[in-house]
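One-letter residues, chain by chain:
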Amino acid sequence: MADPASSNLGRMLTDEITPVVMVLRTPLVEEATRKNGLSFIELLNPFCAFNNIDVPVRTASDQPYRLQKFKLRLFYASDIAQPNIEVAKVRIKQVITRAGEKDFPEVSSNPLAIETVLGATQHKVLPSWFQVFNQELVHTVSFAEHEAFDHPVACLLAVSSKDEESISKFVDLFNTNQLPSLINDGAMDPKILKHFVVVHDNQDGMPDRATKVLTEMRNTFGANNCRLLCINSSRDGSVERQENPWASCKSDGSQFQQLGCFLSLDDVDELKNSMQDLSSKHIIPYMEQKIRVLNQQVSATRKGFRNQIKNLWWRKGKEDVPDNPNGPTYTFNSVEFQIRVLGDYAFMLRDYELALSNYRLLSTDYKLDKAWKHYAGVQEMMGLTYFMLDQSRKDAEYCMENAFSTYLKLGSSGHRNATRCGLWWVEILKARDQHKDAASVYFRISGEEPLHSAVMLEQASYCYLFSTPPLLRKYGFHLVLAGDLYKKCDQVKHAIRTYRGALSVFKGTTWNHIKDQVHFHIGKWYAFLGMSDVAIEHMLEILACGHQSKSTQELFLRDFFQVVQNTGKTFDVLKLQLPVINVNSVKVVFEDHRTYASETATSVKEGFWHSFEEDMIPLLSSMRSNWLESHGKNFTQKYKESNICVAGEVIRVHVELKNPLQIPISVSNVSLICEHSSGSDETNPDLNSSIDNDQLRKLAINGKIGAEASSFLSGEIDLRLGAGETVVAQLSVIANIEGTLEIVGVRWKLSGSVSGFCKFDSDILKKKFARGKRKSKKSSGNYLKFLVIKSLPKLEGFVHHLPETVYAGDMRRLSLELRNPSNTPLKNLKMKVSHPRFLNIGDQDVMEMEFPSCLEKKRSSAEVYVPVKTCKARTVFSFPEDMVICGDSTCLWPLYLRAAAPGNHSLYITIYYEVGDASSIMRYRVLRMHYNLEVLPSLDVSFQISSHPSRLQEFLGRMDVINRTSSESFQVHQLSSVGNEWEISLLQPMDTVFPADFLMAGQALSCFFKLKNCRKWVNAEDNPSSLVPSEKADIRLVCGNGEALFDTSRLPLVDFHHYERLHQGISDQDHQTTVDFILISQSQSDDKSGINIFSHHACDCSVGSSSPIWWLIEGPGTVTHNFAVDFCEIKLKMFIHNSSDVTASVHISTFDSAPTIDSLSTGASVSSANEAGWRDLSVLNDIKVTSDAVGNHSGKLLSPASVSPFIWSGSSSNRVTLEPLSSTEIALQICVFSPGTYDVSNYSLHWSLFGSGDEDDKETGLRLSSGTCEGHSYYLTVLQQG
Amino acid sequence: MIVCVAAVGQQNNPLYIQSFTEADDALKLHHIVHCSLDVVDERVNNPKKSGPTLNETFLGMLYPTENYKVYGYLTNTKVKFILVTTDLDVRDADVRNFFSRFHAAYVDAVSNPFHVPGKKITSRIFADRVRNIVKSFGLSSTG
């Protein structure tokens, strides 16, 4: 370890614990020195410190050594007293305040990074005023009575040569009433070394009188103790010096030059010599002498075994003395005090061994006497002596700790002493690099006085910083604690300084609670000092404090805005954290040749549109097949490099703004920052590629004010973000002039007072963009850079009256409005619809007609029916050639909507058009429309059809309708079969089946109807009028005759039916054995103005059998016969109908054994499989509709009969040939031998179709060319007659 | 009474910090926890007492402040758990028991596939579990 004397504490001690010289002077002396702007002591002070005095000294045991450094402390007698506490406090406060002003960090300087703080040396980082402060603190307890080192060793009496009766003046000076109380109280030996000086001012004339006085003095006081001091030799007061020795004694260097201006070099030399003389020839020998004397005394009374015993015994006897907090008073005569003086003198003369032995001796005495203050003082000195001896570290610490705690035990009186002791202790620890312990001592020193505590805490924090390894977090924490205390004492600048120091610790960590608090307070304090700029800078850091509690967030924001308002101006902030801009979310929507009718259309993936429009858009190569080819090439080159947008058209940018707070914020004037350069200066693309923050700020502020004010127009929007809300702001910019436009960033205003900017980082976007599909090759270009081209006509389209939510089956007519605001005509319009099942393009002439009444069947039969050609391949609809839309005219085109199936559906419409003006860069554009349609379930319709048990070509059908809606009620209007092959009639009048008008929500309806096949053989060449659908194809299901039926063969219905079939995967081929139904219902529309029409299509409902051969057995149901006479012969007739288009051969074979159960109902199983949309309804469970089911049941019952109860008679096999769509009749006969009930079904029918080699049949694969059917059940009851 | 528990990640970033006091002293407790990391670092870097404490996760009392006692625990993944208590005489066994239960809860919380390692633990279940552990702290010794 280094020499303790050269340590910080060592220097401190050699400065502080030095002999005190009491100065007594007459007013005239003071007057003389005042001419130099100095008091007498100030005049002498610079010459009291001797760095190289080299005085030989002997220890008490006659060991010689030399003193190199020495210092005297001069005090006026009046100052030798315990300082007034209040005055001291004010002084200390001044020190701190002044330091605060001086050390206040530069506003511009950022808090140091923690690495630099760590790397810097102690002296650089540690504020220098700490030493001054600590010194002041130590001085508050100087001249204590229990310590001797502040007691004057010598007395300097100064009388001016102008003083009358100098000798008596000297005597008067050392008068008791002028002497300090220490001497008067007897705490100090009044017999001290006296030195007499006569001060002569050379300006007052020659020193004759002074020498006279001196001789007089010498006679009176002794030759050695007197001295003449001549000052002010320089008359004109213009002495120039290289180095003013008095510079340090006046803190404010205002009259720096005047200090000592009358002192010539001789004067200074004289001063120097006289002071050196005083110390080396008088004071040091005097002290040496005194040490010797005292040591002898102490040795005589206290040293040695006998004396110790005696002393112990004597002290024991005093034990009953009541505890006096200050301990017994020791006068200068007492042995204890003499030992103390001895120790202190030895310490001051650096004879530490001697000092230590005496202190040790003394401390036991004081301890036994319970003189705690004295004891603590001695312990303190022991600690220091140990330190200076650099012997036992532990002992030094132990002593200091002991002293410290003993002082503290004394209560408030000892507190300041404890502080001094603590400061010394800290220095001891610091000198030994025990910084952590030092910090804890600092922490213990910090007492009630908040200001002092603050400084102590700050010093403690630096100890943590300097300890190895550095305890940075503790450093930060203690700085924060210190800052809080500073703030409490209104030392705002100190508070800011400490907090800024702490900030360097917390910077970059994720301890946001702490960080926010630090920033917040710094901001507030800067605002308090009126430095709003810095205040706001710090406040900005805490704005995005989503992790804080709501009340804290409110506090932060309120204070922030208060600060901003106080400044009275708006601030431009580059990195405003509120709201959070999600740069990754930036989405740019612009229109080149692709235009969009609505926002939703833009959100559809480009890939979808691309494939959807594939068959509409001409290939790029075909586009350039004219004289513009070269132009086109050039264009595509540019086209590849950047995005194209059209002048006057809007570029939309979607940006996500997020409010991380729990309190709403208002964001206004959100707009895009853009840069426009007219002309295609593609030559220098790098120019704009990197815009730094300053440029951004300039751009953002200038905005529209710039020279190119009219070149683009950036729209502004205002938002209010609720707690935690994320809003996608849709910003827009319109370029007005051709050239290039680059979107640089976004700007906004928070609560109308703070402007924020955010740059769209093109790197991030580029990366994101590279993943996109549009132009993956384009990696070098800027996503946000646009080539603005000349304005082009743009078609606008809108579908009117398209509802968002409809019930399934709802059929409406919509109108598509097309508008072209420009005067350039558009041509070659084409349209494509994504879901023809939902959306159908009508003819223009239907626009004038009223819907839905135009669908109604006309009463007058005069109208010639025109069969509708179904438009199978019409995926792309071309508008008529002569249609030209231009000049703000609108064109309405009908569309039909039918909500075919429940669910959410996206309908896409693309309209392709070419620009009439051939000179434009773009040849064509497309308009994309997208609509979402939510379809709710409405009516469920299901049909079941079975063959009529007793009539050929007739079928019984059941229709079940359930209202699946929750509130809507429908009026079932009409049931129609599609085509002209079937006739429908109700079995019962509708009002008996369902008397109510409306089918309420949840209600079900079943009705039975008869279906008759009226198919006739016709040739294709026949008059088409014969295809007029029969009137009977429709039945009215509504009561009352008022309303007309709808014609299901009219255009939209037919088309929709076609697409419905297509959707269900059914070929358009007719099938004899299936029926398509359309159920039309109505409901009041929402606005009560009209009715909504709903059409429900049930396709391919199978009739009873899949075979083209229908047959029926007819005969008596009950026969009465007398079996006693004869067996019974019963004649039956079988009617066979060929429903197919070709000739069929039918072979009937009978067999007498009972039919097996398995084969019984093949037909039935087929039919039940074809029961389209059948739903199991509990209500209807009991109603036996299907005869098959009954047959199944009875067949099971009857089959166990082992003997066939009847036999077929007559021919057992019949073969007939049937022409297409014709019927025939075959006679059958059975013989019954006993009465009973018989199921005559044990026959089978084999059929085969001739000429079924038609291509069609094979292709469809649906028809059977041959097959076998088991017989239908036919029950016959034979009764015994009589 | 336990006033604060915290889990601190490898980079000394707070993963979870929760105070259990009525008073509004969250900031102070944050500071205390933050400071105690210094001590943890110190202990980990200068293992003076090696040997039996070599693989010990429990770090013992980190430092006593005026009103609090701070205990520390270091997992194998260098995640620190800090416990701040106002109890004056705390049994080591109780603290150990607390930390082992807290550790288990922490492991369960970070095993959640939706938890991002190194980010704050926001699981409500974890918070409830910690609250229960805190509530039951010291009960085993008394009853």
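Source: prediction; values computed, not measured. The residue numbering used here restarts from 1 in each chain and proceeds along that chain's sequence as written. A letter from A marks each chain and a number from 1 marks each ligand, given out in the order of writing. At least 70 in pLDDT is required for a residue's local features to be given in this predicted model, at least 80 for side-chain atom pairs to be given and counted, and no such filter applies to totals for whole chains, interfaces and linings, which use all residues. Calculation of side-chain values draws on the structure's entire complement of heavy atoms; hydrogens and water are dropped beforehand.

1. Some remarks on the overall build of chain A
If you tally the helices and strands in chain A, you get 36 helices and 49 strands. Here a residue-residue contact requires only that any non-hydrogen atoms of the pair lie within 4.5 Å. Of all intrachain contacts in chain A linking residues separated by at least 6 positions in sequence, the fraction that spans at least 24 positions is 78%. Method for areas: the Shrake-Rupley scheme with a 1.4 Å probe, in which residue coverage is limited to the protein chains shown. Surface accessibility of chain A: about 58400 Å² in total, with carbon and sulfur atoms responsible for 51%. Numbering of helices and strands starts at the N terminus; helices are DSSP runs of H or I of at least 4 residues and strands are runs of E of at least 2.

2. Observations regarding the pairing of strand 9 (residues 226–231) of chain A
Residues and elements named next belong to chain A. Relative accessibility thresholds used throughout: buried, under 20% of the residue-type maximum; exposed, over 50%; partly exposed, between the two (1.4 Å probe, protein chains only). Buried residues dominate strand 9, accounting for six of its six residues. Side-chain alternation along strand 9 places Cys226, Leu228 and Cys230 on one buried face and Arg227, Leu229 and Ile231 on a second face that is also buried. By definition, two strands form a pair when at least two bridges between them are found by DSSP. Inspection of the sheet shows strand 8 (residues 193–201) paired to strand 9 by six bridges, in the parallel sense. The partner of aspartate 201 across the bridge, within strand 9, is isoleucine 231. If you view a crossover with the strands going away from you and the path from the first strand over the helix to the second runs clockwise, you call it right-handed. As for the winding sense of the linkage, the β-α-β connection from strand 8 through helix 10 (residues 208–221) to strand 9 is right-handed.

3. Remarks on the confidence of the model for chain A
Predicted coordinates in areas of low pLDDT are best not read in detail. All names here are of chain A. Across chain A, the average pLDDT comes to 75, with 78% of residues at 70 or higher. Predictor confidence is given residue by residue as pLDDT, running from a minimum of 0 to a maximum of 100. The low-confidence segment residues 704–708, where pLDDT is below 50, has five contacts with residues more than four positions distant or belonging to other chains. Scored below 50 in pLDDT, residues 860–873 shows 13 contacts in the model against residues more than four places distant or in partner chains.

4. Digging into the interface of chain A and chain B
The interface is formed by 14 residues belonging to chain A together with 18 residues belonging to chain B. Between chain A and chain B, a total of about 1800 Å² is buried, with carbon and sulfur atoms accounting for 67% of that surface. Buried area: the accessible area, evaluated with a 1.4 Å probe, that two parts lose upon being put together, summed over both parts. Per-residue buried area on chain A facing chain B is highest for Arg473(A), Phe477(A) and Trp511(A); these three make up 44% of the total on that side. A side-chain nitrogen of Lys or Arg and a carboxyl oxygen of Asp or Glu constitute a salt bridge if their distance falls within 4 Å. Linking chain A to chain B there are three salt bridges. Here Arg473(A) makes a salt bridge to Asp41(B), at a shortest N to O gap of 3.3 Å. Throughout this description, a polar contact denotes any pair of N or O atoms lying within 3.5 Å of each other; where both atoms belong to protein, one of them has to be capable of donating a hydrogen while the other can accept it, and for residues adjacent in sequence the pair is counted only when both atoms sit in side chains. For the pair chain A and chain B, the interface holds six residue pairs in polar contact (both at pLDDT 80 or more). Of all the secondary-structure elements, those providing two or more residues to the side of chain A that touches chain B are helix 18 (435–445), helix 20 (472–488) and helix 22 (512–528) of chain A. The greatest single-element share of the side of chain A that touches chain B, amounting to five residues, is contributed by helix 20 of chain A.

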